[in-house]
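Inside the fold
Spelled out from the first residue to the last, the chains are:
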Amino acid sequence: MEELYEKGLCKSIGVSNFLISHLEQLKEDCVITPHVNQVEYHPFQRPQELVDYCRSRDIVFEGYCPLAKGEALTHPTVIELAKKYGRTPAQICIRWSIQNGIVTIPKSTKAERIEENCKVFDFTIAEDDVEILNGMHDGRHVSWDPSFIV
Ligand SMILES: NC(=O)c1ccc[n+]([C@@H]2O[C@H](COP(=O)([O-])OP(=O)(O)OC[C@H]3O[C@@H](n4cnc5c(N)ncnc54)[C@H](OP(=O)(O)O)[C@@H]3O)[C@@H](O)[C@H]2O)c1
């Protein structure tokens, strides 16, 4: 990947599911700091230490499974906030990621949901409510746990 980048064939190169220990290890093996790290990020999984670490090294934190594969959409707190803001639970989760400075990549197979998921740039979640969503972190993974990779 570094060779491709140096030849100008790739504009950016990155990694996925890298924790701090993995990124530290990469320093020994590589010259280029990855431009992006794609990691699980949703209200139940908010690895703030890793977000801060990435930020400190100018690595873009890209959050995958922002809806927790749909699990977050039925949580009473998310539903309550969706009602409060007149939005859908998915829009609350996506907007929350964005307000936390995370590049987010929700996925849907349905055109109307893709459209719904894009309509998140015309409202703001109040700081108090962002904090409530931040408090939902319980460490659960809906994809897989990269901490077992040494
Ligand atoms: N790097 C990695 O290791 C890794 C691991 C996992 C995922 N990812 C990537 O992360 C992205 C998203 O992940 P994901 O699809 O697993 O999780 P997700 O975006 O959190 O959730 C997708 C699920 O939510 C449903 N959904 C989407 N929009 C909705 C809406 N507005 N209302 C109700 N339900 C909605 C989808 O169903 P419908 O399709 O029926 O709408 C699907 O079941 C993908 O691009 C994936 O490739 C990366």
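What comes next is a walk through the structure. (Residues numbered from 1 in each chain as written. Predicted model: local features only at pLDDT ≥ 70, side-chain atom pairs only at ≥ 80, totals over all residues. Heavy atoms only, no water.)

1. Here we look at the overall build of the chain
The condition is simple: Secondary structure elements are taken from DSSP: a helix is a run of H or I of four residues or more, a strand is a run of E of two residues or more, and numbering for both begins at the N terminus. The classification of residues rests on relative accessible area computed with a 1.4 Å probe and restricted to protein chains. Under 20% of the type maximum is buried, over 50% is exposed, and intermediate values are partly exposed. Here, residues are in contact when the closest pair of their heavy atoms is within 4.5 Å. Here, Shrake-Rupley sampling with a 1.4 Å probe gives the accessible areas, and only protein chains in the shown set may cover a residue. Here Asp and Glu are counted as negative and Lys and Arg as positive; His is not counted, and neither are the chain ends. Taken as the charge location is NZ of Lys, CZ of Arg, CG of Asp or CD of Glu.
Each helix and strand in the chain was counted, giving seven helices and four strands. Put simply, the chain runs from its N terminus to its C terminus through helices and strands in the order α-β-α-β-α-β-α-α-β-α-α. Each of the three principal axes of the chain carries a C-alpha extent, and together these read 50 × 30 × 25 Å. Taking all 150 residues of the chain together, the buried fraction comes to 39%. Sequence-distant contacts, at least 24 apart, represent 66% of the contacts inside the chain between residues at least 6 apart. Counting only carbon and sulfur atoms, one obtains 54% of the accessible surface of the chain, whose full area is about 8700 Å². Charge separation in the chain, taken as the distance between the mean sites of 16 positive and 23 negative side-chain charges, equals 7 Å.

2. Re the packing of helix 2 (residues 20–29) against helix 3 (residues 48–56)
What counts is decided by this rule: Angles here are taken between N-to-C directions and fall from 0 to 180 degrees, while the axes themselves are lines fitted to C-alpha atoms, restricted in helices to the stretch in contact. For classification purposes, an angle smaller than 35 degrees is called roughly parallel, one larger than 145 roughly antiparallel, one from 65 to 115 roughly perpendicular, and anything else oblique. Lys, Arg, Asp and Glu make up the charged group, whereas Ala, Val, Leu, Ile, Met, Phe, Trp, Tyr, Cys and Pro make up the nonpolar group; the residues left over, Gly among them, are polar.
Between helix 2 and helix 3, the shortest axis-to-axis distance is 10 Å and the interhelical angle comes to 30 degrees. Classified by the angle between their axes, helix 2 and helix 3 sit roughly parallel to one another. Contacts between helix 2 and helix 3 involve Ile-20, Leu-23, Glu-24 and Lys-27 from the former and Glu-49, Leu-50, Tyr-53 and Cys-54 from the latter. Taken together, the residues of the contact of helix 2 with helix 3 sort by class into five nonpolar, no polar and three charged.

3. Here's the deal with the state of the cysteines
Short version of the rule: Sulfur atoms of two cysteines make up a disulfide when they are within 2.5 Å.
Applying the stated criterion across every chain, the model contains zero disulfides. With no disulfide of its own, Cys-65 lies closest to Cys-93 among cysteine sulfurs, the gap being 12 Å. You can call Cys-65 buried: its relative accessible area is 17%. You can see Cys-118 has no disulfide; the closest cysteine sulfur is in Cys-93, sitting 15 Å from it.

4. Notes on the site of the ligand
What counts is decided by this rule: Here a residue counts as near a molecule or strand whenever at least one of its heavy atoms sits within 4 Å of it. Under this definition, polar contacts are N or O atom pairs within 3.5 Å; protein pairs additionally need one hydrogen-donor-capable and one acceptor-capable atom, and for neighbouring residues in sequence, both atoms have to be side-chain atoms.
The environment of the ligand is formed by 23 residues, the closest being Leu-67, Ser-108, Thr-109, Lys-110 and Arg-113. The backbone of Lys-69 places a nitrogen or oxygen atom 3.0 Å from an oxygen atom of the ligand. Bound to the protein, the ligand loses 73% of the 910 Å² it would expose on its own. For the shell around the ligand, the per-class residue count stands at ten nonpolar, eight polar and five charged.

5. Quick word on unusual backbone geometry
Where the residue is not glycine, phi is negative for most of them; where a peptide bond is considered, it is trans in most cases. The phi angle at Asn-17 is positive, at roughly 60 degrees, despite the residue not being glycine. In this structure, Asn-17 sits in the loop between strand 1 (14–16) and helix 2. Of the residues examined, Asn-17 reaches a relative accessible area of 12% and is grouped as buried. Look at Cys-65: it is not a glycine, yet its phi comes out positive at around 55 degrees. Its location among the elements puts Cys-65 in the loop between strand 3 (60–64) and helix 4 (76–85).

6. Describing the sheet that holds strand 3
Keep this limit in mind: DSSP bridges decide pairing: two strands pair if at least two such bridges lie between them.
With parallel pairing, four strands are arranged side by side in an open sheet as 1-2-3-4. The open sheet terminates on both sides in strands that have one partner only, identified here as strand 1 and strand 4 (103–104). Here two bridges tie strand 3 to strand 4, and the two strands are oriented parallel to one another. Along strand 4, the bridge assignment pairs Glu-62 with Val-103.

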